[in-house]
Amino acid sequence: MFESLIGLVAIIALFVIISRQQSRIGLIERELGALRSLVLSGVHVAPPQAKPVEQAANDSMPADAAIAAVTDIAPPPAGEAAAEEKPPTEVEATEAASGPWAAGEAAPAGPAPAQPVAATAKPAQKPDIETALGTRWAVWVGGIALALGGLFLIRYTIEAGIFGPGVRLSMAAVLGLVLGAVGEFIRRTGFKVPVQGVAGAYIPAILTAAGAFILFGTVYAAHGVYGFIGPALAFTLLGAIGVATIAAALVHGQALAGVGLLGAVVTPMLVASQAPNPWALFGYLAIVLAATGVIARLRDWKLLMAAAFVGTGLWTILYMTDAPGTNLPVVLFINAVTLAVLALVWLGRRGGEAEPARGFDWPSVAPGFFVGLSAMALFVDPAYAAGDALPGAALIAALVAVALYRPLALALLHAAGLATVLVYLGIIPPTSVVSDFSGGALGVDGLPAAVADTLILRIGIVLGLVFIAAGFWAARKFAASAHIRAVSWAAWGVVAPLVILLALWFTFGNLDRDLVYAAVAALLVVVLATGGEWIARGEQPPLQGGAAVSFALGGAAVAALLMLYMAFGSGWTTMLLGAAAIVPALATRRRAYPVLGWISVASVIAVLGRIAFDPTIVGAEFLSRTPVFNWLLPGYGLPALAFGFAAWQLARTTNGRPRLAMEAGAALFAVLTVAILVRHAMHGGVIDMGAATLAEQAIYTLIAIGAGAILVAVDMRSPSLVLRYGSLAAGVVSVAFIVIQHFVALNPLFTDESTGRIPVFNLLFLAYLLPALTAGGLALYARDKRPKWYAAMLALVAALLAFVYATLSVRRLFKGEFIGLWSGLGQLETYTYSALWLIIGVALLTAGVWLKSQVLRVASAALISVAVLKVFLFDMSELEGVLRALSFIGLGAVLIGIGLFYQRLLTRAAKGSSV
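What comes next concerns the included structure. Quick caveat: nothing in here was measured; it's all calculated off a predicted structure.

Bringing the overall build of the protein chain into the picture now. Looking only at helices and strands, the protein chain has 35 helices and three strands in total. The contacts in the protein chain between residues at least 6 apart in sequence include a share of 73% that link residues at least 24 apart. Working note: accessible area of the protein chain is about 44,700 Å², and carbon and sulfur atoms make up 70% of it.

Membership of the largest hydrophobic core comes to 115 residues, with the highest contact counts inside it found for Phe 379, Tyr 424 and Trp 489. Here this core gets 13 residues from one element, more than from any other, and that element is helix H20 (residues 483-508). Judged by nonpolar contacts, the second largest core, of 46 residues, contains Ala 698, Leu 746, Ala 782 and Tyr 790.

Attention shifts here to the pattern of salt bridges. In the structure shown here, the tally under the stated rule is six salt bridges. Its salt-bridge partner being Arg 659, residue Glu 663 comes within 2.7 Å of it at the nearest N-O pair. Residue Glu 663 and its partner Arg 659 are both found in helix H27 (residues 657-682); the two are separated by four residues, about one turn of the helix. Each member of the pair Glu 663 and Arg 659 is classed as buried. Salt-bridge contacts for Arg 786 lead to Asp 715; the nearest nitrogen and oxygen are separated by 3.0 Å. Of this pair, Arg 786 sits in the loop between helix H31 (763-781) and helix H32 (788-815) while Asp 715 sits in helix H28 (residues 694-717), placing them 71 residues apart in sequence. A single burial state applies to Arg 786 and to Asp 715, both of which are buried.

Another aspect to go through is the environment of Met 566. Within the secondary structure layout, Met 566 lies in helix H22 (residues 547-567). For Met 566, a relative accessible area of 0% puts it in the buried group. Taking the C-alpha atoms as reference points, Met 566 and Trp 505, 61 residues apart in sequence, are found 8.6 Å from one another.

Here the focus is the packing of aromatic side chains. Under the counting rule described, the total for this entry stands at eleven aromatic pairs. The positively charged end of Arg 485 is found above the aromatic ring belonging to Phe 478, 5.3 Å away from the centroid. In this structure, Lys 785 packs its charged tip against the face of Tyr 781, placed 4.3 Å from the ring centre.

On the surface, a nonpolar cluster with roughly 410 Å² of combined accessible area is contributed by Leu 303, Phe 360, Trp 362 and Val 365. Note on placement: Leu 303 falls in helix H13 (residues 302-322). Assessed through its relative accessible area of 59%, Leu 303 is described here as exposed.

So, about unusual backbone geometry. Note the cis peptide between Gln 540 and Pro 541, where omega equals -10 degrees. Along the chain, Pro 541 falls in the loop between helix H21 (515-537) and H22.

Let us look at the side chain of Arg 406. Its location among the elements puts Arg 406 in the loop between helix H17 (390-405) and helix H18 (410-426). Taking the relative accessible area as the measure of exposure, Arg 406 reaches 4% and is therefore buried. At 2.8 Å, the side chain of Arg 406 forms a polar contact with the backbone oxygen of Ala 343. Looking at Arg 406, its side chain comes within polar contact range of the side chain of Tyr 405, at 3.5 Å.

Turning to the packing of helix H15 (residues 365-380) against H17, a few remarks are in order. Packing of H15 against H17 brings their axes to within 7 Å, and their N-to-C directions diverge by 155 degrees. On the basis of their axis angle, the class for H15 and H17 is roughly antiparallel. Where H15 crosses over H17, the handedness of that crossing is left-handed. Seen from H15, the contacting residues are Gly 368, Val 371, Gly 372, Ser 374, Ala 375, Leu 378 and Phe 379; seen from H17, they are Pro 391, Gly 392, Ala 393, Leu 395, Ile 396 and Leu 399.

Tracing the chain through its elements places His 680 in helix H27. Overall, the relative accessible area of 0% leaves His 680 in the buried class. Here the side chain of His 680 touches Ser 624 through a polar contact of 2.8 Å, landing on its backbone oxygen. Within polar-contact distance, the side chain of His 680 engages the side chain of Asn 630 at 3.4 Å.

Let us now look at H13. Between its first and last C-alpha atoms H13 spans 30 Å; for 21 residues at 1.5 Å apiece the expected length is 30 Å, and the two agree. Among the residues of H13, Leu 304, Met 305, Ala 306, Ala 308, Phe 309, Gly 311, Thr 312, Gly 313, Trp 315, Thr 316, Tyr 319 and Met 320 are the ones counted as buried.

Rules used throughout
Residues numbered from 1 in each chain as written. Predicted model: local features only at pLDDT ≥ 70, side-chain atom pairs only at ≥ 80, totals over all residues. Heavy atoms only, no water. Helix = DSSP H or I, 4+ residues; strand = E, 2+ residues; numbered from the N terminus. Contact = heavy atoms within 4.5 Å. Areas by Shrake-Rupley, 256 points an atom, 1.4 Å probe, with all protein chains shown as cover. Core = buried A, V, L, I, M, F, W, Y, C linked by side-chain atoms within 4.5 Å. Buried < 20%, exposed > 50% of the residue type's maximum accessible area, 1.4 Å probe, protein only. Salt bridge = Lys/Arg side-chain N within 4 Å of Asp/Glu carboxyl O. Phe/Tyr/Trp six-rings, centres within 6.5 Å; stacked < 30°, edge-to-face > 60°. Lys NZ or Arg CZ within 6 Å of the ring centre and 35° of its normal. Patch = residues over 30% accessible without salt bridge, like charges linked within 9 Å, V, L, I, M, F, W, Y side chains within 5 Å. Polar contact = N/O pair within 3.5 Å; in protein donor to acceptor, adjacent residues only side chain to side chain. Axes fitted to C-alpha atoms, helices over the stretch in contact; angles between N-to-C directions. Parallel < 35°, antiparallel > 145°, perpendicular 65-115°, else oblique. Left-handed = near helix turned anticlockwise from the far one by under 90°. Expected span 1.5 Å × (residues − 1).

Spelled out as structure tokens, the structure:
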């Protein structure tokens, strides 16, 4: 108490000192006004080595010396002064400007004086650390100390029991009034303009803010703590303090508003009560928020407004989570006040002011976040949602309404949409929104979580209609002027209804087949597609199919997907999903919307996801074992045909990237159709995850090679990047199959798999000779149509396949059905390999010369080199008698024959060149 009295005496002494200095400060201001007039008139008035008045003051120059420095400046000639003298009214308006107004901040009184073009001013020096400590920090800390000192004084007297409650409150009120009066007196009696560079340390504003801080706490304690005054009088006094704070902030600047807001928000925490009254607390916060909104709106102080919303929102969430009892009307009241202040005060239009066509109000993010969080809590928390979920839905609808009423508050729309999505995803049984586990059951704070009921269903229907109506109406309204707003409204007008429909189907519907929900989804398809066309007609120029239209039509496509899943079984769903790609492709005949082609592409992705989930189309237990003619044929074949038709249609209308994607989808599903039918047939009508056999792998390899040939042929007739690169990919994939599976992993020489009992048409014929013929044929066909490396790769692989086929056929001839390597080698078999390799080498050389293929000639040379090494390194040690001799004789004859052949070839080439 004694320290507080000392502080009060110090304030009074400071007031006396400041009052005695007013005459000298007034004289300095008059002289500075005269100097300003001279400078703005364009006369050179700066003598050598002269210091500005402010710098002289900072250097501890006496006030008399500063006045002398001003009066020593020579006046301009009489004629020039008369011609360029500033009008008196402008000077008076400049002197009347009071308060810490920063650059770009409107002064409260008088129009801004026009600055002459020729006038130049010397840049102000940056204040040093001494100036900062003495002018800014001291004032700030002093003001905060005064405000907190008053509150701590009240707290101390409560704990010590020195005075009664009435005396304590009276002392606090007197302290607050004295601080406000001192601040206003200083401002009125000469504190016109703050020291240059320290506008934020405006002493009258700091003192007034401290007084308002203490008065707020005093009135709240008189009602909420002691009950001296009732709610009506408390609200009246708080409203009066709020109005006074508004008036003072308009005069003193943003410092008062900011400090006053901080004090108003912190006051309920410093002056606590054993039995708090929520209506008193939130009535008080509502008045503070409204007063702050008026101040911020008049001065366009965005940071102040955002801080006020954050403070109110934090108190709301704190009350909802920590309050011992629940008071739903209080929660609804403070959220309603928040939205009202945002819509009617902060974003309220002045007379004749038009709504901005573009822009985003970032302070509205705070109310959107906190009101949306409150709405979610009213849905989920059992303390609020156990009886009725309508209040949460009302808050969401209010967010949408305010966002529609004030387009700048677009953040409210995002908050409403996100809250709706989270709430309705949370009602799905496996994903219920919870915060902890209690007794093995899902719950919130030890209470069982609110479960979905028929009311949630009805609310979902209403909210879905709200989002569709508001979203599409606003998207149409802003389609031509504000594209981001239009896209945002269209997006939530699509996303929220779709999520609600999905959640309600999972929660209340029949997941196997539900015609009621399918009908709702079909209706949603029509509504979204019609809405997209309606939005497109509002574009400038119309029917461009922008992002908002794309969201609407994309939502219609998703609704159609849900409709198919709800109405049909798995087999029909897969086929209809593929056939659905035709619809947007045909729509491009009437509308050139870019999204239509991508919707067809989305159909390809949907079918791929469907068959990845269940490759059997109808389930393994329902798939027939009949080869070819089963559900696999239409399940894979019809989408392939539909994708091909969609690509053909897109090539004649939009002809963009979607067309290429559809071509790739058609080619992929054509290959998948054949491959899955082969696997079904070769596994006895069962599709499982077992390892493929060599025969099955041979079919896949032939399919890949055939697909590459088909793509090359189609690309020759209708050039396409997809077909070009698709054919290259098919060739590379087929070669990889051959090298990895045919030569190594599934080679019967290593696996000892049965090669079949039929002499010629056996596994070796299917796995090696047929791929060799097809790869060689594709290499020959693609020689002039694809890169050289592509044809060379296929030719080399074809030669290796032929070589392996011949070698393994020889071994089968000697070993029978099973040709495993561990069964050993006989002498005649060893000799036969040498002779065979030489014959194949000669055949490759002949084919290479005839086809003018360097790859085949090089392969021939490599194979003959291998035969030579085998004869000299293996046959010499393993063969005996006549077989060894015949091996070397045959090798020598072949090599000599090759030499003669090359000599004749070169001689013929030389004669041809000489002619």
